[in-house]
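Architecture at a glance
What follows is the residue order along each chain.
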Amino acid sequence: MRARVLIRPKAGILDPQGAAVERALPALGFAGVGNVHVGRLVELDVENEAQLQPMCERLLANPLVEDYEVQLLDGGS
Amino acid sequence: MRARVLIRPKAGILDPQGAAVERALPALGFAGVGNVHVGRLVELDVENEAQLQPMCERLLANPLVEDYEVQLLDGGS
Amino acid sequence: MPESAMLPTLDDALALGLTQAEYELVCEKQSRPPNQVELAMYSLLWSEHCAYKHSKKLLRTLPTEGEHVVMGPGENAGAVDVGGGLVCAFKVESHNHPSAVEPFQGAATGVGGILRDIFAIGARPIAVLDSLRFGEPTSGRSRYLLDGAVSGIGHYGNSIGVPTVGGEVYFEAPYEQNCLVNAMALGLAGRERLVRSAAAGPGNVVVLFGASTGRDGIGGASVLASAELGDDGEGKRPTVQVGDPFEEKKLMECSLELLERGLIVSLQDLGAAGLTSSASEMASKGEVGIDIDVASVPLREADMEPFEVMVSESQERMLCVVEPANVAAVMELCEKWEVGGAAIGTVTDTGRMRVLHDGELVGDMPVRALVDDCPLYDLDPHKPSHQIYPPPVATLAGEPTPAQALLALLSSPNLASRRPLFERYDAIVQSRTVRRPEQADAAVLALPASEGEPDVRAALAVSIDCNGRRVAADPYTGTVEAVLECASNLACVGAEPLGTTNNLNFGNPEKPHIAWQLSEAVRGLGDACRALSAPIVGGNVSLYNEGATGPIYPTPVIGMVGRLPDARRAAQMGFARAGDAIALVGAFWPSLAASELAKLRGEALPDGLGRIDVEAVRATQAAVMDAVRTGELSSAHDIAEGGLAVALAECCLAGGLGAEVSVSTSPETALTVLFGEASGGFLLSGERGRLLELAERVPLELIGTVGSDALTISLTDAGEALSVDLNDMGAAHAALGKLF
Amino acid sequence: MKFGVLRFPGSCDEVDALEAARRVGDAELIWHGSRDLKGSDAIVVPGGFSYGDYLRAGAIARFSPAMESVIDFAADGGLVLGICNGFQVLCEARLLPGALLANENLHFTFRQVELEVLNSGGAFTRACALDQCLSIPAKHSWGRYHADPDTLAAMDSSGQLILRYAPGQNFNGSLHDIAGVCNERGNVFGLMPHPEHAVDELIGGSADGLKIFESMRMTVEGVHA
Ligand SMILES: Nc1ncnc2c1ncn2[C@@H]1O[C@H](COP(=O)(O)OP(=O)(O)O)[C@@H](O)[C@H]1O
Ligand SMILES: [Mg+2]
C-alpha cells in the first residue's frame, strides 16, 4: 500500500523557511499569500500500515518539534 | 483558500534522501518498506488559486528536478 | 556482430555533434558504419570536451616539467613534491554548462568531479577553491546563479569534509548568458602511494564501484534512444545530474583504503562521458583492451539500453582494475563502506574496447581509434580590428573625489568583501587551515610536522585568479598578469610556487578572434610559468562559452600551489600594530586602463595593456617572500584590483587599524596613483628599519604609518587627497551581503 | 584517560576530534557498526553528516550499534560529548533535551564565535572560569536550539545551560542564545560550536576549545579545579 506522510513544523515554532517563501512571493508579483509553512513529504510503499505511526515517531518525524499526518493512498496490494 | 503543494524528486532523478530512509527503516525493524521518496511540503493561504501553478514553477519547486502537485484544501477563506 | 538495432545514420552523427568528415573517419576506423553503441561512444570521445580537438596543439607548448613535478598533465590530476615524502595533487575543472542549467546541482557535482580526480590518483583531498563568473548582480538571474552555485559548492564540500579555503568571483556583463563555475581541489599523498589510471594485466578484472547507474546527463545522446523507449516522455530522460556528497564520502574512503591495502592495480574516476571515457582511457593508457558487460552494471532504472549505460554520467562512481585473486577482498571493502561494487569486465590483450550485453557483443572498437584518432584542428587566429566587447555600463558618474572613488570601489561587486560567500563554506575541517579567507592573500594549509622538528610545520599556500576583463583587453599580458598575481599572493604568505594548474574558459575557437584570444593566452601562460619556474601540471579547457550577446571574456583561470617552510610565519594581510611603518615595494607603474575604476566609469576596454617587466616582478616577489619568511614583518599584501588605495583599505579593514599615508604625486595624476593597477606592487608593514633593509634588493618607498581610526592619504605636493573612517570603509566593503 | 571518538561513514570532524583529545589523553576511533566502546572513559560524538543527514540531522545515526552502546554508557554515568552533528545525534537519541532546527538565516554558516561560560562547575567546563569568553568556530546549517519553555526553565534552574553565544554572536537563532547544554545528571554535553577546531593557536588563532577536553580529563581523573 502506498502511504504519504506530511511533516510540518509544530505550531509556535519559528519556521524560517515558511517566512522566507512568504517574503519572496510578493516580490515575484504574487499578492495575497499568507500563513506559509514548509515541511517535509515522505511517500512510501508499506506492507503493514500499522507500522506507519511508530515509523513516524521513531524516524520520519521528530515529535518534539514536528507534527505528522499519515495518508493512505490506495487500498490495493 | 488553503492550498497544499507536494513537491517530489522527478522520476529517474537521484533521490538520496529517499534512499537513505529506505536503507534505515529495515534496520529499525520496519520490514516490507519500499519505493521511498522524500520531498517537500508547502502549505499556504492564497486568494487567487490561479496563481498556484506559476508560483510553483517560479519559486516553490525547481521544475528541472522536481514535480509538484497542488491540492486545494477547502473552499472557504 | 548482430546488428539488432537499426543502424544510426549520418544525421544521427551530426545531431550528436560529429562533423560529416569525422563520421566518415569513424566508418573508416570501424571498416563499417558504427552501430548505436559505437556511435554514442565515438561522439563523446571525439567531442571537444574529451578530445581537446581545438586546444591540444596549443597545450603541447606549455612547460610541464620542473624539479618539483611528480606527475604532469595526462593523469586525472597533476602532482608536485612538497617535501617530507609527500606530494600535493591538484587540478582545476569547469562545470559551466551544468551550472547554467541548474546552479546548485551543477556546482555541487563540479566539486564532486574535481574531488574524484584527486582521490583517483591516490591523494586525500584537503582543500577546495572556487572560481566563479556571473553577469552584473543587478540582474536577478545572476543573483540566482550566484546563490545556487555558492550553495551547491558549500553543500558538497561541507558535507564531504573537505574545506573550501579560497576562491574568487567576478561580475561582468559578458558572463550574463554564460556563467563560469570552476572548482579546484588539492590533495595530499605519500609519494609512493600515487597511482596511475593505466589498465594493466590481461585477465584482470574491471570493477565499477560507488553509486548505481541511472539516466543522468545522457542529454544529447538520447537522440539514439530507440523508438519504443522514446515515447515514454521526458520524465525518462533526466539530464540534470544530482550529486550525493554522502555517497562520495564513502566512495573516497573506500578508494583510499583500497589503495592503502594494495588491492587494486589502477584507478579512474567516472566523469564526463561516464564509463565510455573512463574505460577507454584506462585501456588506452595501458595499451590494452577492455571488455565490459553492461548487464553487470548495477542500475538505478531497470530498462536502460546498452548505450545509455555506457554514456550515463551518474555521479559518484569509480572504476578500478583488480587482480582476480583480490576481487573478493575488494568487494568486502565496498561492503564495509556501504558502496555498491560489481565486476563488469576484464582487461584483454586485444587492444579493443568491446561492449557486451549479457555476453552478446553490442559494440567493438579499436581503443586507439576511440581515444587517439580524433582529428585535431588548427586554429585560425586573427586579432580583431576593433574591441569586440562593448564598454561596461557606467555606475560612477562625473569626476569623483578620491574618497568617493574609494568607497565606490570598496562597495563594487568585484571588490566588496566576499564574506557572505565564504561564510557558507567550511574552511577549517581537517585542522590544517592556518590562513582563512580574508586573513591573507593566499590560503595556507599546514603540512604534517617533520620527524626531526616537531615544532616546525611547513605549509602549502594556494591561490586561484584571473581577471577576465584585463585578459579581454590583452590576452597575452592579461594572462601573464593572472599568473603573476597568483605568485604574488603566494609571496605574501612567504611561499614559493611549485606548480600551476589552469582552466581555459573561452568562446567558440572556430572564430578567428576567439582563436586569437586562446593562442595569445596560452602563449602568456607558458611564458609566465616558465619565468616563475611554476610548470603546468594539469588543467582543463572549456570552449564555446558564448551567449546570444557574444562570447564571455577570455578567462584563463590560474591556480597555483606553493610551499613555505614555517607555517607560523605566514604573513597576514591586515595591519597589526599601530606605529608600524608602511612600505610600498616593487617597481609599481599603475595605469587606469582596464582598471576597476575605469569599469565603474564605463570606459571602453583598451586595446592592449602596458608591458610588464616579468623579471622585475619576479625579483620583487622573491624579496617579499624572503622578508615574510623571517617572520619579522607585521603584514604583507599585494596591490591588485582597485590599486594602491584599495589595497591600503583592505589592510586597514583586515586589521581593524587605520593608516596615515603620503604618496608623491600631483593632483592631475592622483587617481592614477591611487587607483591605477599593475603587477608587482606590494604593501608591507613592520618596523621601519626592518623594512628599509629590503630597499637593498628592490625598489621601496616608506609611505606612511599604521594607526588611528581612518585611512588618510595625502599627496606630497597637494595636501590631503582622502580621509575615510574605518567604519565607513567597512560598511562599503560589506555591500555584497545585500545580494544574498 | 582514554577518549573514544565515534566514526560514522559521513563523519567529517572525527579525526580533528581524535587529535584534539590526544592533546589531553589517549584517544581511539570507534566504528559506528561496532558496539564495543573499547574501554573508553569518555565518548565524543563528532561533527559531520553521520549518515548523510538526509531526513533530519542525526535522525538515522542515533540508531547505530555504536550509539546503542553510548546510550548505555551514558546511563551508567559515562561522559559523552556531542559536537555539532554529535549534539544533533544526542538530541535525537533523547540523551539531551530539545532539538536542533534549521538556522534562522537558512544557510550553512561558518564563523568564529564568542561563547560565554554559564556554568563552570560541571564535568565539561571545570577548566573554565565562570563568565569566561571562549573563541571557538561554529559551522552548521541546523544549529537553532529549541526546547519548550518548561523544559528550558527547568534546565536553567538546574544549571544545564552551559554555554551561550555572546551578544551579537547567535547567527542560528537559538532560543536564549543557547550554544551548549547538558543533561540533568551532567554527564552528557552537546554544543554546536567546534572546540576540537580551537586547540592550536597556529590553526585558527585560538586554543580555547582545549578547555572542554581538559575539563573532561579532570573529571575522569578526579582532578578538581
Ligand atoms: N589547460 C590545460 N593545461 C594543462 N593540462 C590540461 C589542460 N586541460 C586539460 N589538461 C590535461 O588533460 C588531461 C585530460 O583532462 P580531462 O579530460 O579534464 O581529465 P579528467 O577527465 O580526468 O577530468 C588531464 O590530465 C588534464 O590535466
Ligand atoms: Mg578524471
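What you see is a predicted model; the values in this text were computed from it and never measured.

**Quick look at the packing of helix H2 (residues 52-60) of chain A against helix H1 (residues 16-27) of chain B**
Two elements in contact, H2 of chain A and H1 of chain B, have axes separated by 12 Å at closest approach and are oriented at 110°. Between H2 of chain A and H1 of chain B, the angle is such that the two are roughly perpendicular. Here H2 of chain A runs over H1 of chain B; the crossing is right-handed. Of H1 of chain B, the residues touching H2 of chain A (which contributes Met 55, Leu 59 and Leu 60 of chain A) are Val 21, Ala 24 and Leu 25 of chain B. For the contact of H2 of chain A with H1 of chain B, the residue count by class is six nonpolar, no polar and no charged.

**Side note on the environment of Gln 160 of chain D**
Residue and element names in this part refer to chain D. Among the secondary structure elements, Gln 160 is positioned in the loop between helix H4 (149-157) and strand E9 (161-165). Residues Gln 160 and Glu 184 lie 24 residues apart in sequence; the distance between their C-alpha atoms is 6.5 Å. The residues touching Gln 160, leaving out its near neighbours within four places in the chain, are Pro 97, Ala 154, Met 155, Gly 180, Val 181, Cys 182, Asn 183 and Glu 184. Within the structure, the side chain of Gln 160 is placed 2.7 Å from the side chain of Ser 158, a separation counted as a polar contact. Separated by 2.8 Å, the side chain of Gln 160 and the backbone oxygen of Cys 182 make a polar contact.

**Comments concerning the pattern of salt bridges**
Residue and element names in this part refer to chain C. Evaluation of the coordinates by the stated rule reveals 69 salt bridges over all chains. Glu 172 is paired through a salt bridge with Lys 599; the nearest N and O atoms lie 3.2 Å apart. Of this pair, Glu 172 sits in the loop between strand E5 (164-171) and strand E6 (180-190) while Lys 599 sits in helix H20 (residues 596-600), and the two are 427 residues apart along the sequence. Its relative accessible area of 2% is what places Glu 172 among the buried residues.

**A look at the site of ligand 1**
Residues and elements named next belong to chain C. The environment of ligand 1 is made up of 17 residues, and the closest members are Tyr 52, Gly 74, Glu 75, Glu 93 and Asn 502. Between an oxygen atom of ligand 1 and a main-chain N or O atom of Gly 539, the distance comes to 2.9 Å. Protein contact buries 83% of the 550 Å² of open area that ligand 1 shows by itself. When residues of the shell around ligand 1 are traced back to their parent elements, those giving at least two are strand E3 (86-94), strand E17 (496-505) and strand E18 (536-542). With five residues, the top contributor of residues to the shell around ligand 1 is E18. Broken down by class, the residue content of the shell around ligand 1 amounts to seven nonpolar, six polar and four charged.

**As for the relation of the copies chain A and chain B**
Structural alignment of chain A on chain B gives an RMSD of 0.2 Å, achieved by rotating through 179° and translating 0.0 Å along the axis. On the angle and the small slide along the axis, the relation comes out as a two-fold axis. Of every C-alpha in chain A, the one belonging to Arg 40 of chain A sits nearest the axis of rotation, 2.3 Å from it. The fraction of interface residues of chain A whose copies in chain B are also interface residues reaches 100%, indicating that both copies meet through the same surface.

**Observations concerning the environment of Met 1 of chain D**
Along the polypeptide, Met 1 of chain D turns up in the segment before strand E1 (2-7). When residues no more than four places from it in sequence are discounted, the contact partners of Met 1 of chain D are Gly 25, Asp 26, Asp 41, Ala 42, Met 216, Arg 217, Val 220 and Glu 221 of chain D.

**Describing the coordination of the magnesium ion (ligand 2)**
Residues and elements named next belong to chain C. The magnesium ion (ligand 2) binds to the protein through Asn 76 (OD1), Asp 117 (OD) and Asp 269 (OD); the donor distances cover 2.0 to 2.3 Å. Donor residues for the magnesium ion (ligand 2) sit on one chain with the sequence pattern N-x40-D-x151-D. Here Asn 76, found in the loop between strand E1 (69-71) and strand E2 (78-83), pairs with Asp 269, found in strand E8 (residues 266-269); they are 193 residues apart in sequence, far enough to count as distant. Across the pair, exposure class does not vary: Asn 76 and Asp 269 are buried alike.

**Describing unusual backbone geometry**
Outside of glycine, negative phi angles account for most residues, and trans bonds account for most peptide bonds. The backbone of Ala 273 of chain C shows a phi angle near 70°, a positive value even though the residue is not glycine. Positionally, Ala 273 of chain C belongs in the loop between E8 and helix H11 (274-286). Of note, the phi angle at His 176 of chain D is positive, near 55°, even though the residue is not glycine. Mapped onto the fold, His 176 of chain D is located in the loop between E9 and strand E10 (178-182). His 176 of chain D sits in the exposed class, given a relative accessible area of 57%.

Conventions and cut-offs
- Residues numbered from 1 in each chain as written.
- Chains lettered and ligands numbered in written order.
- Predicted model: local features only at pLDDT ≥ 70, side-chain atom pairs only at ≥ 80, totals over all residues.
- Heavy atoms only, no water.
- Axes fitted to C-alpha atoms, helices over the stretch in contact; angles between N-to-C directions.
- Helix = DSSP H or I, 4+ residues; strand = E, 2+ residues; numbered from the N terminus.
- Parallel < 35°, antiparallel > 145°, perpendicular 65-115°, else oblique.
- Left-handed = near helix turned anticlockwise from the far one by under 90°.
- Contact = heavy atoms within 4.5 Å.
- Nonpolar A, V, L, I, M, F, W, Y, C, P; charged D, E, K, R; others polar.
- Polar contact = N/O pair within 3.5 Å; in protein donor to acceptor, adjacent residues only side chain to side chain.
- Salt bridge = Lys/Arg side-chain N within 4 Å of Asp/Glu carboxyl O.
- Buried < 20%, exposed > 50% of the residue type's maximum accessible area, 1.4 Å probe, protein only.
- Near = heavy atom within 4 Å.
- Areas by Shrake-Rupley, 256 points an atom, 1.4 Å probe, with all protein chains shown as cover.
- Least-squares fit on C-alpha atoms with pLDDT ≥ 70 in both.
- Donors = N, O, S within 2.8 Å, 3.2 Å for Na, K, Ca; no water.

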